[in-house]
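As a plain string of letters, each chain reads:
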Amino acid sequence: MKKIVYILLLCLPMLSCQDASSLMDKEDVGDLYEKDVFRSGTYARYFVNDIYYNIISTGYGVSGWGGAYMDCATDNGEARPLNSAAHRYNTGNWNAADNPLGFIWTNSYAQIRACNKFLENYHLIEEESGITTRLDIEYLRAQVIFLRAYFYHQAWMAYGGLPIITVPLDRNTQGDAIFYPRATSEETFEFITRELGECAADLPNEVGAGHATQGAALTLKGWCELFAQRYDLAAATNWQVMQLGVYDLYKEGYNALFTEKANNCAESIFAYQHVPGNKISQRSMLFGPIGAYNGWGFMQPTQNLVEEFRMASGLPTGEDGSFDPQNPYVGREPRFYESIIYHKSTFSGKVYEINDLYDPASNLYTGYFRRKGISEPLNLGQEGYNFMFFRFAEVLLSYAEAKIELNEIDDTVLDAIDRVRRRGGLPSLEETYGKTTFMQAELRDVVRTERRIELAFEGKRYWDLIRWREAERLLNLPVRGISYENGRYVEKNVHAMKFDASKNYLFPMDQSWIDINPRWQEQTTGEFNRGQNPGY
């Protein structure tokens, strides 16, 4: 038995397809394995590292709508292939029994169980001179509390109220006690933010390299508060992050922020770590342009997004008299050129021509490809670009948004927005609009557009539309693209989107989950109907 245990422990750092907690369910290694893992600080770290590894399975992985692919569920991107989960969701081709986002629940709770297993046993970890101190052990505990809150927040945004489970569950020993009722959405929010506030004090105030930090915990807390429309709390928490003295905007260019050179820079607050040639990101291969460029083109930016990029003046295209619909890519803001591959632009030494890749009569694709974060030439199978879940630019915009919604508009709000705009190559709000006083509705539009442009392809757009309650308007419009026919640009509708406001602001609970949980079946309140979300 000890030999089997030893082999499993040596394999623990390399786990990929199996979550850490599932190894502890194996009867053949049983208590001896569990005891040995949590007695050793080294093996306990491996266990925690495996939880970090599995973050990418809960909503941002290649197979789980990674960053750009999540934008394909919105008006920012068009998914390829057309039978993908993202395309099905975007067009409404799904139902409660076949939800393409159902993995968020199952993957999140698998990792919540791993976190609970660690927190139940971390007291067993022994101090080892020169290897593991008591401070190290408490740091591991704080990291796992952060991770558990992260997984809970993913499921909370998607499903609303959740069963709040803080101990490992075992049907064999606990019987029906493993069935927990769903807490309300408010109770779930309070649990997540309370945990994040408490663990932040035990986390280091540093940029970090993929591990939880004080800034990461507070940023996630501030995001949850913004999502819940608790604007007073969101403003205070994001301001707290701004005052930590650790983070700043990356100074060497907007697009350069998404390259290996900028991995774990001062703008990065919490990022999934990639390693060139080993734990690769695959971003350029998956999302780079097809044809002679050799990418897979799994997402194309939409005309809906392209028209939101500002002119170099900082104004929208409709307010800048120099904008020409037949020369639509002239005089645009720098982030446009760093984000989008468009007709007649040069990428990787080649001039991109729409008609070289697509029949202009086709209505299947948008005519654009992603440039943001894509290597030139495509670094297929080797690149190690990190994926940033949270970065400082978002904190600045979240702070500004919260203060705007409170109608507490002051110089700190304008400065936060201007810092993001200036780094992106735009003039300040005063320089753009010729004034320093703005109405709430004006700045609301400004900050929402800034979020869309600055955070494009980073998996933020869908959740923004949900919390703004704008999904019912914008996700029922057509996805639009562009073609070039007889020397003229012609807009085209790619396909219709579908969003049912009566129910789609939350995902449905899988009926099989309800059928096995008698506690859910008893829950019929204003928030639940026999454990199910409204409308399903």
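Residues numbered from 1 in each chain as written. Predicted model: local features only at pLDDT ≥ 70, side-chain atom pairs only at ≥ 80, totals over all residues. Heavy atoms only, no water.

Turning our eyes to something else, we now look at the packing of aromatic side chains. One pass over the full model with this rule turns up 47 aromatic pairs. Taking 5.0 Å as the distance between ring centres and 85° as the angle between the ring planes, the aromatic pair formed by Phe146 and Phe270 counts as edge-to-face. In this pair, Phe146 is assigned in helix α8 (residues 134-159) and Phe270 in strand β2 (residues 268-272), connecting sequence segments 124 residues apart. Like Phe270, Phe146 is buried. Taking 4.9 Å as the distance between ring centres and 75° as the angle between the ring planes, the aromatic pair formed by Phe499 and Tyr505 counts as edge-to-face. Both residues of the pair, Phe499 and Tyr505, count as buried. The ring of Tyr272 carries Lys279 above its face, with NZ or CZ at 5.0 Å from the centroid. One Lys or Arg, Arg469, reaches over the ring of Tyr505 and ends 3.6 Å from the middle of that ring. (Phe/Tyr/Trp six-rings, centres within 6.5 Å; stacked < 30°, edge-to-face > 60°. Helix = DSSP H or I, 4+ residues; strand = E, 2+ residues; numbered from the N terminus. Buried < 20%, exposed > 50% of the residue type's maximum accessible area, 1.4 Å probe, protein only. Lys NZ or Arg CZ within 6 Å of the ring centre and 35° of its normal.)

Where helix α11 (residues 214-227) contacts helix α12 (residues 231-242), the axes come no closer than 8 Å and their chain directions differ by 160°. Accordingly, the angle class assigned to the pair α11 and α12 is roughly antiparallel. Relative to α12, α11 is oriented so that their crossing is left-handed. Contact with α11, carried on its side by Gly215, Leu218, Thr219, Lys221, Gly222, Glu225 and Leu226, involves Tyr231, Leu233, Ala234, Thr237, Asn238, Gln240 and Val241 of α12 and no other residues of that element. (Axes fitted to C-alpha atoms, helices over the stretch in contact; angles between N-to-C directions. Parallel < 35°, antiparallel > 145°, perpendicular 65-115°, else oblique. Left-handed = near helix turned anticlockwise from the far one by under 90°. Contact = heavy atoms within 4.5 Å.)

The next point concerns the confidence of the model for the chain. Residues of the chain with pLDDT of at least 70 account for 90%, and the chain-wide mean is 89. Confidence drops under a pLDDT of 50 for residues 58-65, and excluding neighbours within four residues, the segment shows 36 contacts in the predicted structure. (pLDDT = per-residue confidence, 0-100.)

Positionally, Ser345 belongs in the loop between β4 (340-341) and β5 (346-347). Measuring from C-alpha to C-alpha, the distance between Ser345 and Tyr329 comes to 9.2 Å, with 16 residues separating the pair along the chain.

Next up on the list: the nonpolar core. Grouped together as the largest cluster of nonpolar side chains are 113 residues, with contacts concentrated most on Phe118, Phe146, Tyr159, Tyr462 and Trp463. Ranked by residues supplied to this core, first place goes to α8 with 16 residues. In terms of nonpolar packing, the next biggest core, distinct from the first, is built from 29 residues, Ala79, Ile340, Tyr352 and Ala456 among them. (Core = buried A, V, L, I, M, F, W, Y, C linked by side-chain atoms within 4.5 Å.)

Moving on, we get to the pairing of strand β9 (residues 478-485). Where β9 and strand β10 (residues 488-496) come together, eight bridges link them in antiparallel fashion. Bridging from a neighbouring strand, Arg480 pairs with Asn493 of β10. (Pairing = 2+ DSSP bridges.)

Opposite charge on two side chains makes pairing possible when the charged atoms of those side chains draw close. Per the counting criterion, the structure on display carries 39 salt bridges. Between Asp248 and Arg419 there is a salt bridge, with its nearest N and O atoms 3.2 Å apart. Within this pair, whereas Asp248 is found in the loop between α12 and β2, its partner Arg419 is found in helix α18 (residues 411-423), the two being separated by 171 residues in sequence. With relative accessibility at 29%, the residue Asp248 sits in the partly exposed group. The closest approach of N and O atoms between Arg451 and Glu394, which form a salt bridge, is 3.3 Å. Remark: Glu394 occurs in helix α17 (residues 392-405) and Arg451 occurs in helix α20 (residues 440-454); sequence separation between them is 57 residues. The same class applies to Arg451 as to Glu394, namely buried. Because the salt bridges share partners, they merge into one network encompassing Glu267, Glu333, Arg335, Lys372, Arg391, Arg421, Arg423, Glu450, Glu454 and Glu458. (Salt bridge = Lys/Arg side-chain N within 4 Å of Asp/Glu carboxyl O.)

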